[in-house]
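Here is how the chains run, residue by residue.
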Amino acid sequence: MSYIQNLIAFFEDSSIADSIRENDTLFPTIESIHVVAICLVVGSILVLDLRLLGFASMNRPVGRLTRAILPVTWGAFAIAASSGFLLFISNATKYLANGYFDAKIVLICMAGLNMIVFHAVSTKDLQQWEKQKSPPLRARIAGALSILLWIAIVACGRWIGFTMQEL
Amino acid sequence: MLALTGFSKWLAATSLSHTIQTVTWIIPTLQTIHILCVAIAFSSAVLVDLRIFRVFERDEPLREVTRRFLPPIWPVLLILLATGSLLIIGEPRRSLVNTTFYLKMALLLVAILLTATLQRMVLAAPEVFEDRSRQLAGRALATVSILVWCGILFAGRWIAYTQAG
Amino acid sequence: MSPKAVFLAACLTLGFVGVAAAHHSNAAYDSDHPQTVQGTVKQVNWTNPHITFVIETDAKEGPQAGTWTFEVSSPGVLTRSGWTKRSLQPGDHAVFDYLPLRDGKPGGFLRKVILQDGKELTYSLTPDEQ
């Protein structure tokens, strides 16, 4: 555990973290970039989830839609993760002590896992059902779960701001 | 400015405002719904702009992409109006006496006009940006659209950093 | 994995109802009843998004005694109003003008600080409040 503590301290005590912590405009700007990025992540994933649920973009085969959307999602996620990391190191210890921050990270991992599991169980027979009017049950579960997880992630993100311990 | 301050004080004294202020989960919940709706509206507009640049769904006609993604923005904007209004009623000083809020509203107006125009143009004349001479106009429109929508999100976050309590 | 995920999401959703906020939105402060208290600065957290000052109040007993945490705005707002990181330092004794927490806990939203030499530290308010 001490190695992790040292690693966290290394980032939190860096001059970059210092600047982000104290500078007038750096934190708000990085945070705004984070907001733009997460909006694209959530919005793009929602397009896929609604398709898996059979609610939208039904004229597009699932595979084709996925290939169009995921680059946007991953690009936005990379920006969200980097900006998020910069915000995190500015007050790492206090964020780690915040339950909503911890939950947010766990939920993001779960959303990723949901994606991986769905991809693993669907690759073989995707061509059979990707053009059907009614997607199979596992597609609908994956889509619904994804939406629930991302709503919870956004909520946790917002709740962090209201639950930081001061001392 | 004085009138806004007065109105802001009057709002803060209403019982609706008091309820929003004192029931601790209301403001974070309103903000969360607000952010989720922003994500939908923003992504919808940006995906169509990316299609104009032919980096998203270039195998789909622009008309189809527009038809799928732009119309949902309007009902979502209504939800944003509702949550936004409740947030203003709950914390009037945060927005009504804050220049950044008015910047956000101005950008929103531009975005609405731009996006509505784009939707109408493309659905009425699907080949409107296919023509070489119009391609530049299309890309210019898409660029301004992305910038203005990003501006709205930036201004939205910055409201908290220019309010003074 | 899936049932656990749904369960966790449900728990979090329910958990939001009982949030115990330490940092609060401005709505958690009673803007109609500003108060003052005297004390000595123990700690300055000049950080984004909110600066906090930890104060040891002068009162030895009663409702105003103890360690208080005052919240203000962001570094940007304060520096634009003339503050610097060193305007208030640990060890400084001052009078703190604040909006108290509605739930009565020790703490508040700082509006103004009057230093020992009489200098006032405040930040931009609307014209009719200046």
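Notes on the structure follow.

### Observations regarding the overall build of chain A
Within chain A one finds eight helices and zero strands. Seen in sequence order, chain A has helices and strands lined up from the N terminus as α-α-α-α-α-α-α-α. Taken along the three principal axes of its C-alpha coordinates, chain A extends 55 × 35 × 25 Å. Within chain A, the proportion of its 167 residues that are buried is 46%.

### Comments concerning the overall build of chain C
Within chain C one finds two helices and six strands. Mapped in sequence order, the helices and strands of chain C form the string α-β-β-β-α-β-β-β. Sequence separation of at least 24 residues holds for 53% of the intrachain contacts in chain C that already meet a minimum separation of 6.

### Section: unusual backbone geometry
A cis geometry characterises the amide bond from C:Asn48 onward to C:Pro49, with omega recorded as -10°. By the secondary structure assignment, C:Pro49 is in the loop between strand S1 (35-45) and strand S2 (52-57). Not every positive phi belongs to a glycine, and B:Arg54 is a case in point at roughly 60°. The backbone of B:Glu57 shows a phi angle near 45°, a positive value even though the residue is not glycine.

### Some words on the nonpolar core
With 114 residues, the main nonpolar core has A:Cys39 and A:Val42 as its most contacted residues. Excluding residues within four positions of it along the chain, A:Val42 makes contact with A:Trp150, A:Val154, B:Leu36 and B:Ala39.

### Concerning the interface of chain B and chain A
Contacts between the two partners involve 21 residues from chain B and, on the opposite side, 20 residues from chain A. The set of elements that each furnish at least two residues to the side of chain B that touches chain A consists of helix H3 (26-52) and helix H8 (132-162) of chain B. When residues in the side of chain B that touches chain A are grouped by element, the largest group, 12 residues, is from H3(B). Tallied by class, the residues present in the side of chain B that touches chain A amount to 14 nonpolar, four polar and three charged.

### Quick word on the packing of H3(B) against helix H4 (residues 62-69) of chain B
All names here are of chain B. Between H3 and H4, the shortest axis-to-axis distance is 9 Å and the interhelical angle comes to 175°. Considering the angle they form, H3 stands roughly antiparallel to H4. Residues Ser-44, Leu-47, Val-48, Arg-51 and Ile-52 of H3 form the contact with H4, whose own contacting residues are Leu-62, Val-65, Thr-66 and Phe-69. The class makeup of the residues in the contact of H3 with H4 is six nonpolar, two polar and one charged.

### Topic: the pairing of strand S3 (residues 67-71) of chain C
All names here are of chain C. For S3, the tally of buried residues reaches four of five residues, placing the bulk of the element in the interior. The pairing of S3 with strand S5 (residues 107-115) spans three bridges and is parallel. The residue of S5 that forms the bridge with Phe-70 is Gly-108.

### Quick notes on H4(B)
Residue and element names in this part refer to chain B. Among all positions of H4, only Leu-62, Val-65, Thr-66, Arg-68 and Phe-69 are buried. Down the axis of H4, the sector holding all buried residues measures 165°, keeping them to one side. For H4, the elements touching its buried residues are H3 and helix H7 (99-124).

### Describing the environment of C:Tyr29
Residues and elements named next belong to chain C. With respect to the element layout, Tyr-29 can be found in the loop between helix H1 (2-15) and S1. On the basis of neighbour count, Tyr-29 is assigned to the buried category, with 23 C-beta atoms found within 10 Å. Sequence separation of Tyr-29 and Thr-47 is 18 residues, and the distance between their C-alpha atoms is 21 Å.

### Some thoughts on the pairing of strand S4 (residues 93-100) of chain C
Residue and element names in this part refer to chain C. By the bridge criterion, six bridges tie S1 to S4 in an arrangement that is antiparallel. If you follow Gln-35 over to S4, its bridge partner there is Tyr-98. Both S4 and S5 contribute to a ladder of seven bridges, which runs antiparallel. Each residue of the ladder has a partner; that of Tyr-98, found in S5, is Leu-110. Where S4 hands over to S5, the hairpin turn is made up of six residues, of which Gly-104 adopts a positive phi near 80°.

### Some words on the environment of B:Pro71
Tracing the sequence through the fold places B:Pro71 in the loop between H4 and helix H5 (73-90). Along the primary structure B:Pro71 and B:Trp25 are separated by 46 residues, whereas in three dimensions their C-alpha atoms are 32 Å apart.

### Points about the packing of H7(B) against H8(B)
All names here are of chain B. Remark: H7 packs on H8, axes separated minimally by 8 Å, with the N-to-C direction vectors making an angle of 155°. By the criterion of interaxial angle, the relationship of H7 to H8 is roughly antiparallel. Between H7 and H8 lies a crossing of left-handed hand. Contacts between H7 and H8 involve Thr-99, Thr-100, Phe-101, Leu-103, Lys-104, Leu-107, Leu-108, Val-110, Ala-111, Leu-114, Thr-115 and Leu-118 from the former and Leu-141, Val-144, Ser-145, Val-148, Trp-149, Gly-151, Ile-152, Ala-155, Gly-156, Trp-158, Ile-159 and Thr-162 from the latter. Taken together, the residues of the contact of H7 with H8 break down into 16 nonpolar, seven polar and one charged.

### Quick look at the environment of A:His119
All names here are of chain A. Tracing the backbone shows His-119 in helix H6 (residues 99-122). Overall, the presence of 12 C-beta atoms within 10 Å leaves His-119 in the exposed class. His-119 sits 20 residues away from Ala-139 along the chain, and the two C-alpha atoms are 9.7 Å apart.

So, how was this worked out
- Residues numbered from 1 in each chain as written.
- Chains lettered and ligands numbered in written order.
- Predicted model: local features only at pLDDT ≥ 70, side-chain atom pairs only at ≥ 80, totals over all residues.
- Helix = DSSP H or I, 4+ residues; strand = E, 2+ residues; numbered from the N terminus.
- Buried ≥ 20, exposed ≤ 12 C-beta atoms within 10 Å, placed from the backbone.
- Contact = placed C-beta atoms within 7 Å.
- Core = buried A, V, L, I, M, F, W, Y, C linked by C-beta atoms within 7 Å.
- Nonpolar A, V, L, I, M, F, W, Y, C, P; charged D, E, K, R; others polar.
- Axes fitted to C-alpha atoms, helices over the stretch in contact; angles between N-to-C directions.
- Parallel < 35°, antiparallel > 145°, perpendicular 65-115°, else oblique.
- Pairing = 2+ DSSP bridges.
- Arc of directions from axis to C-beta.
- Left-handed = near helix turned anticlockwise from the far one by under 90°.

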